[in-house]
Amino acid sequence: MQTLSLIIEVAVPLPLDRTFHYLVDTGMSQEIAPGKRVFVPFGGRKLTAYILDIFERPDASGLKKVIEVLDDEPLWTGNELEFFRWVASYYLHPLGEVLKTALPTGINLQSANKGGNGAQVVSGGRKVRHESFYQPKESASLSIALGKKAAEIFETIREGGELPAAELRRRFGPCSQQLNRLLELGLVTREEREVYRNPFSEDPSEQDARKELNPHQASALERICTSLDKPLFAPFLLHGVTGSGKTEVYLQAIAHAINQGKNALVLVPEISLTPQLVRRFRARFGESIAILHSALSDGERYDEWRRIRRGLVRIVIGARSAVFAPLEKIGIIVVDEEHEASFKQADGLRYNARDLALVRGRMERAAVILGSATPLVTSLYAVEQGKLGLLSLPERARGIPMPTVEVVPMQGVKETISAPLQKALDETLATQGQAIIFLNRRGFSTYLLCSECGQPLTCPNCSVTLTFHRSRGQSICHYCDYAVPAPGTCPSCNALELKELGAGTEKIEHDLRQSLPQARILRMDSDTTSGKGSHNRILSRMADGTADILIGTQMITKGHDFPGVTLVGVISAEASLNLPDFRGAERTFQVLSQVIGRAGRGDLPGKVLLQALNPSHYAVQCAIAHDFQEFYRQELEFRREAGYPPFAFLAGLGFSGTTEQGVEERAESSARLLLQLKRELKVRVEVLGPAPAPLYRLRGRFRRQILLKSPSRGDLRRLLAAWISKRDKVATVRETIDIDPVDMM
Ligand code: ADP
Ligand code: ZN
């Protein structure tokens, strides 16, 4: 009888569109399983690869052998591997790179040139942390004279019963000297234990009880629970104005799923911007939550990942990458603020976590809830088509009316803060109210312009103007961080006189500090929030009333609930209307609606002043009137005429390189190949371009793009797949494929 050889199919984390086969030694056969990593020879080197499948074959000649199996337990289940295969195929992205993207960076530490020491990789990819815990000795009492700090530390340990060193350091600063002294005196004992790093920086002490739902919330919950009981794939759009109690519905729906022994996945645009949501989940569900987001250290991320994989977690909350979390038995997936562009990854595997939530939900037969006050036009269309169930919460949960909105026409007004807005700010401060001022542009002035030759200061690496940041004394490129001392001289003609044009958040702060010297002013934008925890510090000062005015970019429009805010000022209502992007109107409507919703969430009514140059645009008008239906109607009409989603599927091809000619030739030949393939395959696809990207130079690279539009997703995919297999790559030009692009820059 012929003996069969054991073969595995693996994906490698390289930009290759295929999988590979390796032979498994008999001695290793017990160890292999799909979802584990192996070390394999590849080309001239050794690589970590991911086992997809195992099979037996009579003939294994020519196959190389697996060097080592790297994991004791599979990293992924069969279901998860199936999901990743779907992702790779949909986004036309190599499966190995998809798998690598799905893993936390802490576990990906090993690389091809680390040598064959797989064992070290498995246990040492990231070490478990050990922490010292201090306990009071039972009999200990403070009869001995201690220094003040040591005495306070001792009291704290005695009150707490047991405290980790990190907590003591957090409260007292460096204190190892005092702790050693307490140990020496026999007042406390110390114990080393293995811990999972805890990404929550605050006390878990809060408690939160479920609320009695209003009738709208109750019927939304009812429909979700009905599908959870079956269970079947049930996708919903939860459309509710800001403050209508969506979060309460998520919480109770999740509680229902958990009672059935199922788990929950919650995706949010960015965790650091939504500390209140995290706090509410934590107050309701306690410790069974894992948090995955970009501000975690590699170690923290890896710890959270392991807790989830081991089934120690019932709820995972995270930004977009959490859609890949190794959570089993998913009963419900929530996508909060489903309209947010940040669910789309902008490079590498350009996935959209909102869309993938639906895919994963279908595979898991879960309920998927897409929640928003300002849903995507495409989501509302999906409701009309019967693809999403609509749950609506038309009123604010606590019965507070929507704020009144007034437009301040800005034609001919020189000041960045108009007289009516200034007056409203004065009144707000006089009545101890709080105000939010929104401007979606950071920096001091938008740019500097030479008074002599009229040239603006531009970035030498990117086709954009430099933004003047007064406090840093620099003009800075917001794309590549190129910076020059400013004001300085004009690089074109060396003139000394540079004019400041336009205003950013820094300028608003500067002006308000002059006009309202008594006000306590905070600014929140990416310049003031680079430090860990800085968001939280700013937000908690608004929440506890120790600040009067918060100035900020889009960051401030997200899910916080400040009951004290009675005034919202919008500096420039139509700032995002002129972007070269088919979603410009939609984004303007969304951001204005969100920022308007920040006013009057407490007991006092809210007021919004909207400074606008072009207040007649339907995005601005509909936001002012809180008229969703009308916006949807007009926007859908525009999309239909222009042939954009939901009436067409899009794919973007990007070409970039350091020589303009190389990029141009490459883009041209790609367009020719696409047109030729289109004729051969007889597919309905429009090939638009190549054209220079709106940002035609970025970080020193020239950029061109082709946009593909089709009424059929199948046609679009067939054309792209054919193009991928036929094209010959050029090393000097980088090519990217973006399925369902949201950013056309
Ligand atoms: P959204 O997520 O839609 O912005 P939230 O769930 O945050 O709304 O609710 C807004 C406010 O109303 C919160 O302070 C919340 O605690 C409160 N709230 C929500 N539902 C209820 C309810 N059924 N009864 C009383 N208060 C509620
Ligand atoms: Zn630049």
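Here, residues in each chain are numbered from 1, in the same order as that chain's written sequence. Each chain gets a letter, beginning with A, and each ligand a number, beginning with 1, in the order they are written. A pLDDT threshold of at least 70 governs which residues receive local features in this predicted model, and a stricter bar of 80 or more applies before side-chain atom pairs are shown or counted, although totals over entire chains, interfaces and linings include all residues. Side-chain calculation: all heavy atoms of the structure are included, whereas hydrogens and water are not.

A. Highlighting the side chain of Gln-345. Within the secondary structure layout, Gln-345 lies in the loop between β13 (330–336) and α11 (353–364). Whether a residue is buried, partly exposed or exposed follows from its accessible area with a 1.4 Å probe, protein chains only, as a fraction of its type maximum: under 20%, in between, or over 50%, in that order. Look at Gln-345 and you get buried, because its relative accessible area is 16%. Any pair of nitrogen or oxygen atoms within 3.5 Å is treated as a polar contact; in protein, a donor-acceptor pairing is required on top of that, and neighbouring residues in sequence qualify only through side-chain atoms on both sides. A distance of 2.8 Å separates the side chain of Gln-345 from the side chain of Arg-320, its partner in a polar contact. By definition, residues are in contact when any of their heavy atoms lie within 4.5 Å. Excluding residues that lie within four positions of it along the chain, Gln-345 makes contacts with Arg-320, Arg-350 and Tyr-351. Per the convention used, a helix needs a DSSP run of H or I reaching at least four residues, while a strand needs a run of E reaching at least two, with both numbered from the N terminus.

B. Local environment of the environment of Leu-376. Mapped onto the elements, Leu-376 comes out in the loop between β14 (367–372) and α12 (377–384). In sequence terms Leu-376 and Thr-247 are 129 residues apart; their C-alpha atoms lie 19 Å from each other. Setting aside anything within four residues of it in sequence, one finds Leu-376 in contact with Glu-338, His-339, Arg-354, Arg-583, Glu-586 and Gln-590.

C. Spatial organisation of helix α8 (residues 246–259). Every helix has an expected span of 1.5 Å times one less than the residues it contains. For α8, spanning 14 residues, the distance from its first C-alpha to its last is 20 Å, which sits close to the expected 20 Å at 1.5 Å a residue. Of all the residues in α8, the buried ones are Lys-246, Thr-247, Glu-248, Val-249, Tyr-250, Leu-251, Gln-252, Ala-253, Ile-254, Ala-257 and Ile-258. Positive phi appears at Gly-261, one or two residues downstream of α8, with a value of about 85 degrees.

D. Spatial organisation of the domain arrangement of the protein chain. Marked domain ranges trace back to an automatic or database domain assignment. Its domain assignment divides the protein chain into domain 1 (5–113), domain 2 (130–194), domain 3 (215–393), domain 4 (404–444 + 503–640) and domain 5 (649–739). Computed over C-alpha atoms, the centres of domain 1 and domain 5 are 30 Å apart. Taken over both partners, the interface formed by domain 1 and domain 5 buries close to 640 Å², and the fraction arising from carbon and sulfur atoms is 57%. Computed with a 1.4 Å rolling probe, the buried area is the accessible surface lost when two parts are put together, summed over both parts. On the domain 1 side of the contact with domain 5, Tyr-90, Tyr-91 and Leu-92 bury the most area, a combined 77% of that side's loss. Any Lys or Arg side-chain nitrogen located within 4 Å of an Asp or Glu carboxyl oxygen qualifies as a salt bridge. Here domain 1 and domain 5 share 0 salt bridges between them.

E. Summary view of the side chain of His-339. Along the chain, His-339 falls in the loop between β13 and α11. Note on His-339: relative accessible area 4%, which makes it buried. A polar atom in the side chain of His-339 sits 3.3 Å from the side chain of Gln-594. Each residue touching His-339, except ones within four places of it in the same chain, is listed here: Ser-372, Thr-374, Pro-375, Leu-376, Gln-590 and Gln-594.

F. Quick peek at the site of ligand 1. The local shell around ligand 1 holds 18 residues, among which Glu-212, Gln-217, Gly-243, Thr-247 and Arg-280 are the closest. Gln-217 places a side-chain nitrogen or oxygen 2.8 Å from a nitrogen atom of ligand 1. In this structure, an oxygen atom belonging to ligand 1 sits 3.2 Å away from a main-chain N or O atom of Ser-244. Only the protein chains shown count as covering a residue, and every accessible area follows the Shrake-Rupley method with a 1.4 Å probe. Alone, ligand 1 offers 560 Å² of accessible surface; in the complex the protein occludes 82% of this. Residues are classed as near a molecule or strand on a simple rule: at least one heavy atom within 4 Å of it.

G. Fine view of the coordination of the zinc ion (ligand 2). Because no water is among the atoms considered, metal sites can look incomplete, with donors defined as N, O and S atoms within 2.8 Å of the metal, or 3.2 Å for Na, K and Ca. Binding of the zinc ion (ligand 2) to the protein goes through Cys-459 (SG), Cys-462 (SG), Cys-477 (SG) and Cys-480 (SG), at separations of 2.3 to 2.4 Å. Each label reflects the angles at the metal, where four donors whose angles all fall between 85 and 135 degrees are tetrahedral, four or six donors whose opposite pairs open beyond 155 degrees and whose other angles stay between 65 and 115 are square planar or octahedral respectively, and the rest are irregular. Its 4 donor atoms give the zinc ion (ligand 2) angles of 104 to 113 degrees at the centre, a pattern that matches the tetrahedral case. Positions of the donor residues of the zinc ion (ligand 2) along the chain correspond to the pattern C-x2-C-x14-C-x2-C. Accessibility classification places Cys-459 together with Cys-462 in one group, the buried group.

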